[in-house]
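The primary structure of each chain is shown beneath.
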Amino acid sequence: MEQTQEKKKVIFSAIQPTGTITLGNYLGALKNWIKLQDDFNCIYALADLHAITVRQDPAKFRAHIYEAYALLLACGVDLEKSLFFIQSHVSTHAELAWVLNCYTQFGELSRMTQFKDKSAKHADNINAGLFAYPSLMAADILLYQADLVPVGADQKQHLELTRNIAERFNGIYGNVFKVPDGYIPKAGARIMSLQDSTRKMSKSDENANAYVAVLDKPEVIMKKFKRAVTDSEACVRYGEGKDGINNLMGIYSSVTGKTYDEIEKEFDGKGYGDFKTAVGEAVVEELRPIQERFNQFIKDKAYLKECYDKSADIARKISQRTLDKAMKKIGFVLK
Ligand code: ATP
Ligand code: LTN
């Protein structure tokens, strides 16, 4: 019987170059990005336009863009299989974002928890870009007619809004955008801060002890885990009121593939000190090969440019088709 070749589904995801990439980003998002490349048509971006919703120091911002690009290649983003470009190099993103802003309601944007969190954190700079952040994210996704969007649990609300915007637009103009689904991993979906287990591990945290950076040196990683907050029970088990230990178990589980039951057995009768050492060592081993590859890539700016230029050229062509379609439906005269 003849096999009909099924078209691979399209995946879109992005990460902001707002700081050094953390273990939370890696376990919650990037590790998954790498796996998905075999089964899907993956389109990945560095969301530099999103990053300026919070004020960036120019020199650090530039360095973080290079660092994040090289690091993702080091993690295994493979340009033979996927696209990986810098958002601002593909101007259709900013263009469609403007259009979608006009199909997104003030009330919807006001309800976004990330907006509320970030406005509280940056009370002196609650700019319109921070508010409209989700419509730019919707543009990123909808331009490529993405089927699936892998993100950490913290981005679920933005994805729901993207779906609502797409459905609203399609409701007015017919089938312009594919309505995407989220793709949220169970293990590692939400890695918490090592200093405050009620907050997610975030690369823009002022306290460097709160996160493990993928590029942290082994001794720094070990030290950060040793200092991680726990509780006074001194028993490695998953449970209510044990946010710190739950978080460490989540990290250990997503690095080693062990279940919580297996982890509880492994550390039965042992204290938190042993457990923290084991978590630290597992993380160091996971990150070692990535750090080695990163050190090669970051030295070679010409190679990095070749990579992001090649992907941006292709992304421009794909996304222009969707942008034209949307603009034509609205009534714009196309050039
Ligand atoms: P910022 O601190 O600047 O908001 P961030 O660390 O939250 O940055 P993003 O660039 O917003 O990182 O997110 C990149 C990807 O990593 C997203 O898919 C997001 O869902 C995921 N992610 C971010 N933080 C975590 C976390 N603590 N646990 C799991 N996944 C996370
Ligand atoms: N907002 C996301 C980064 C991001 C993204 C996207 C993720 C920008 N555009 C499109 C998925 C799809 C974040 O902060 N994690």
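This structure is a prediction, so every number in the text was calculated from the model and none was measured.

(A) Layout of the site of ligand 2. Lining the immediate environment of ligand 2, one finds 13 residues, of which Gln-16, Tyr-133, Met-137, Asp-140 and Gln-155 sit closest. Between ligand 2 and Gln-16 there is a distance of 3.2 Å, counted from an oxygen atom to a side-chain nitrogen or oxygen. Only strand 1 (10-15) and helix 7 (128-142) provide two or more residues apiece to the shell around ligand 2. With 4 residues, helix 7 is the largest single contributor of residues to the shell around ligand 2. Residue composition of the shell around ligand 2, grouped by class: 8 nonpolar, 4 polar and 1 charged.

(B) Region of the structure containing unusual backbone geometry. For Gln-145, which is not glycine, the phi dihedral falls at a positive 50 degrees. Topologically, Gln-145 is positioned in the loop between helix 7 and strand 4 (148-150). The class of Gln-145 is partly exposed, set by a relative accessible area of 25%. In this model, Ala-234 sits at a positive phi of 60 degrees, which is unusual for a non-glycine residue. Tracing the backbone through its elements, the reader meets Ala-234 in the loop between helix 9 (218-226) and helix 10 (243-256). Exposure remark for Ala-234: the relative accessible area of 45% places this residue in the partly exposed category.

(C) Main features of the site of ligand 1. Asp-154, Ile-191, Lys-200, Ser-202 and Ser-204 are the nearest of the 21 residues found near ligand 1. Between ligand 1 and Lys-200 there is a distance of 2.4 Å, counted from an oxygen atom to a side-chain nitrogen or oxygen. Met-201 places a polar main-chain atom, nitrogen or oxygen, 2.9 Å from a nitrogen atom of ligand 1. Look at ligand 1: alone it shows 590 Å² of surface, and the protein chains cover 97% of it. Here the shell around ligand 1 gets 4 residues from one element, more than from any other, and that element is helix 1 (residues 23-36). Split by residue class, the shell around ligand 1 holds 6 nonpolar, 10 polar and 5 charged.

(D) Looking closely at the environment of Gln-145. Residues Gln-145 and Ile-11 lie 134 residues apart in sequence; the distance between their C-alpha atoms is 8.9 Å. Residues in contact with Gln-145, not counting those within four places in the same chain, are Val-10, Val-176, Phe-177, Lys-178 and Thr-322. A polar contact is formed between the side chain of Gln-145 and the backbone oxygen of Val-176, at a distance of 3.0 Å. A distance of 2.8 Å separates a polar side-chain atom of Gln-145 from the backbone nitrogen of Lys-178.

(E) Just the pairing of strand 3 (residues 83-86), in detail. Burial of the side chains of strand 3 extends over both faces: Leu-83 and Phe-85 are buried on one face and Phe-84 and Ile-86 on the other. Note that strand 2 (residues 41-46) and strand 3 share 4 bridges and pair parallel. Among the inter-strand pairings, Leu-46 is bridged to a residue of strand 3, identified as Ile-86.

(F) Molecular detail of the packing of helix 4 (residues 92-101) against helix 13 (residues 301-330). Orientation of helix 4 relative to helix 13, taken along the N-to-C sense of each, is 25 degrees, at an axis distance of 10 Å. One finds that helix 4 runs roughly parallel with respect to helix 13. With respect to the hand of their crossing, helix 4 and helix 13 are arranged in left-handed fashion. Here Thr-92, Glu-95, Leu-96 and Val-99 of helix 4 lie close against helix 13, whose contacting residues are Ser-319, Gln-320, Leu-323, Ala-326, Met-327 and Ile-330.

(G) Quick peek at the pattern of salt bridges. In the structure shown here, the tally under the stated rule is 16 salt bridges. Put simply, Lys-224 and Asp-216 hold a salt bridge, and the shortest N to O gap is 2.7 Å. On the basis of relative accessibility, which here comes to 6%, the residue Lys-224 falls in the buried class. Put simply, Asp-231, Glu-233, Arg-237 and Lys-242 are held in one network by salt bridges that share partners.

(H) Here's a closer look at the side chain of Asp-48. Considering the arrangement of structural elements, one finds Asp-48 in helix 2 (residues 48-51). Buried within the structure, Asp-48 lacks any salt-bridge partner; Arg-62 is the closest side chain of opposite charge, at an N-O distance of 10.0 Å. A distance of 2.5 Å separates a polar atom in the side chain of Asp-48 from a polar atom in the side chain of Ser-88.

(I) Molecular detail of the environment of Gln-157. Note on placement: Gln-157 falls in helix 8 (residues 156-173). The class for Gln-157 is partly exposed, based on a relative accessible area of 27%. Placed 45 residues apart in sequence, Gln-157 and Met-112 show a C-alpha to C-alpha distance of 6.9 Å. Non-local contacts of Gln-157, meaning those with residues more than four positions away in its chain, are made with Arg-111, Met-112, Thr-113 and Gln-114.

Here is what the cut-offs are and how they apply
- Residues numbered from 1 in each chain as written.
- Chains lettered and ligands numbered in written order.
- Predicted model: local features only at pLDDT ≥ 70, side-chain atom pairs only at ≥ 80, totals over all residues.
- Heavy atoms only, no water.
- Near = heavy atom within 4 Å.
- Polar contact = N/O pair within 3.5 Å; in protein donor to acceptor, adjacent residues only side chain to side chain.
- Helix = DSSP H or I, 4+ residues; strand = E, 2+ residues; numbered from the N terminus.
- Nonpolar A, V, L, I, M, F, W, Y, C, P; charged D, E, K, R; others polar.
- Buried < 20%, exposed > 50% of the residue type's maximum accessible area, 1.4 Å probe, protein only.
- Areas by Shrake-Rupley, 256 points an atom, 1.4 Å probe, with all protein chains shown as cover.
- Contact = heavy atoms within 4.5 Å.
- Pairing = 2+ DSSP bridges.
- Axes fitted to C-alpha atoms, helices over the stretch in contact; angles between N-to-C directions.
- Parallel < 35°, antiparallel > 145°, perpendicular 65-115°, else oblique.
- Left-handed = near helix turned anticlockwise from the far one by under 90°.
- Salt bridge = Lys/Arg side-chain N within 4 Å of Asp/Glu carboxyl O.
- Lys, Arg positive; Asp, Glu negative; His and termini not counted.

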